[in-house]
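Read off the chains here:
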Amino acid sequence: MTILLVFISAAIVNNLVLAYFLGICPFLGVSKRLDTAVNMGLATTFVMTLAAVITWLINNLILIPYNLPFLQNVSYIITIASLVQLVEMFIRKTSPTLYRSLGIFLPLIVTNCAILGLTLFAALKEYSFMESLFYGIGGGAGFTLALVIMAGIREELEFADVPKSLQGAPMTLLIAGMLSLAFMGFAGLLSV
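Given the structure is predicted, the values throughout are model-derived calculations rather than measurements.

Here is what the cut-offs are and how they apply
- Residues numbered from 1 in each chain as written.
- Predicted model: local features only at pLDDT ≥ 70, side-chain atom pairs only at ≥ 80, totals over all residues.
- Heavy atoms only, no water.
- Helix = DSSP H or I, 4+ residues; strand = E, 2+ residues; numbered from the N terminus.
- Rg over C-alpha atoms; globule rule 2.2 N^0.38 Å.
- Buried < 20%, exposed > 50% of the residue type's maximum accessible area, 1.4 Å probe, protein only.
- Contact = heavy atoms within 4.5 Å.
- Areas by Shrake-Rupley, 256 points an atom, 1.4 Å probe, with all protein chains shown as cover.
- Lys, Arg positive; Asp, Glu negative; His and termini not counted.
- Charge placed at Lys NZ, Arg CZ, Asp CG, Glu CD.
- Phe/Tyr/Trp six-rings, centres within 6.5 Å; stacked < 30°, edge-to-face > 60°.
- Lys NZ or Arg CZ within 6 Å of the ring centre and 35° of its normal.
- Expected span 1.5 Å × (residues − 1).
- Axes fitted to C-alpha atoms, helices over the stretch in contact; angles between N-to-C directions.
- Parallel < 35°, antiparallel > 145°, perpendicular 65-115°, else oblique.
- Left-handed = near helix turned anticlockwise from the far one by under 90°.
- Nonpolar A, V, L, I, M, F, W, Y, C, P; charged D, E, K, R; others polar.

A. Structural detail: the overall build of the protein. Summing up its helical and strand segments, the protein has 8 helices and 0 strands in all. Starting at the N terminus, the α and β elements of the protein follow one another as α-α-α-α-α-α-α-α. Here the protein has a C-alpha radius of gyration of 17 Å; the compact-globule value for 192 residues is 16 Å, and the two agree. Considering only C-alpha atoms, the protein reaches an extent of 60 × 40 × 30 Å along its principal axes. Looking at the protein residue by residue over its 192 residues, the buried ones come to 43%. In the protein, the share of contacts with a sequence separation of at least 24, taken over all contacts with a separation of at least 6, comes to 79%. Of the roughly 9900 Å² that the protein leaves accessible, carbon and sulfur atoms contribute 72%. Both charge centroids of the protein, one from 8 positive and one from 8 negative side chains, sit 10 Å from each other.

Pasting the structure below:
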């Protein structure tokens, strides 16, 4: 039951993008088209899940036993960068079209602070291995959910009569703010 609560907490209640405002750059940059948003969300979910598991192993098998907690941030960043490189090479080889559609945002997963935040939150909350795994999956699902909702709204706005002064970035930021307010309504429902 705790694992399910960790997943729901990461995906909805404490959504990294809409509640903690982490990962805003890809959230705003890739959410113009629904298909690109889904693909970016899946790639980020994959990286988040692996990062949560690998950083748990690094933290609990190396850093804590050998009293090296000061290396936590560095080791987590190196792990995330390595995982993103693997994902980027895989996508470039298997789907060149997807690779081109994601453009600069694929290598920017490395600097996506939502992934680093997820790994640091998991360590701070002292999650078990399984809790870290589901926290990673839930964090990725929440990131994907935020991207898909934003992309769906932005695609529908192409057919709306939006005042000239609100077209583009102003409307995108207004929508992001309203989505954040909506997700902040879940705050406090779960404390896992």
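B. Structural detail: the packing of aromatic side chains. Here the structure, examined in full by the defined rule, presents 4 aromatic pairs. For the ring pair Trp 56 and Phe 129, a centre distance of 5.3 Å and an interplane angle of 75° mean the geometry is edge-to-face. Within this pair, whereas Trp 56 is found in helix 3 (residues 34-63), its partner Phe 129 is found in helix 7 (residues 129-157), the two being separated by 73 residues in sequence. Judged by its relative accessible area of 30%, Phe 129 is partly exposed. The ring of Phe 121 has Lys 125 sitting right over it, with the charged end atom 5.8 Å from the ring centre.

C. Layout of helix 4 (residues 72-94). For helix 4, spanning 23 residues, the distance from its first C-alpha to its last is 33 Å, which sits close to the expected 33 Å at 1.5 Å a residue. Of the positions making up helix 4, those classed as buried are Gln 72, Ser 75, Tyr 76, Thr 79, Ile 80, Leu 83, Val 84, Val 87, Glu 88 and Ile 91. Where the residues of helix 4 are buried, they touch helix 3, helix 5 (96-102) and helix 6 (113-124).

D. Examining helix 1 (residues 2-13) more closely. Within the sequence span of helix 1, burial applies to Val 6, Ser 9, Ala 10, Ala 11 and Val 13. Summarising the contacts, the buried residues of helix 1 are in contact with helix 7 and helix 8 (169-184).

E. Quick look at the packing of helix 1 against helix 7. Running from N to C, helix 1 and helix 7 point in directions that differ by 30°, and their axes come no closer than 7 Å. The pairing of helix 1 with helix 7 is recorded here as roughly parallel in orientation. Considering how the two elements wind past one another, helix 1 and helix 7 form a crossing that is right-handed. For the pair helix 1 and helix 7, the contacting residues are Thr 2, Ile 3, Val 6, Phe 7, Ala 10 and Ala 11 in the first and Met 130, Glu 131, Phe 134, Tyr 135, Ile 137, Gly 138, Gly 139, Ala 141, Gly 142 and Leu 145 in the second. Each residue belonging to the contact of helix 1 with helix 7 can be placed in one class, and the counts come to 11 nonpolar, 4 polar and 1 charged.

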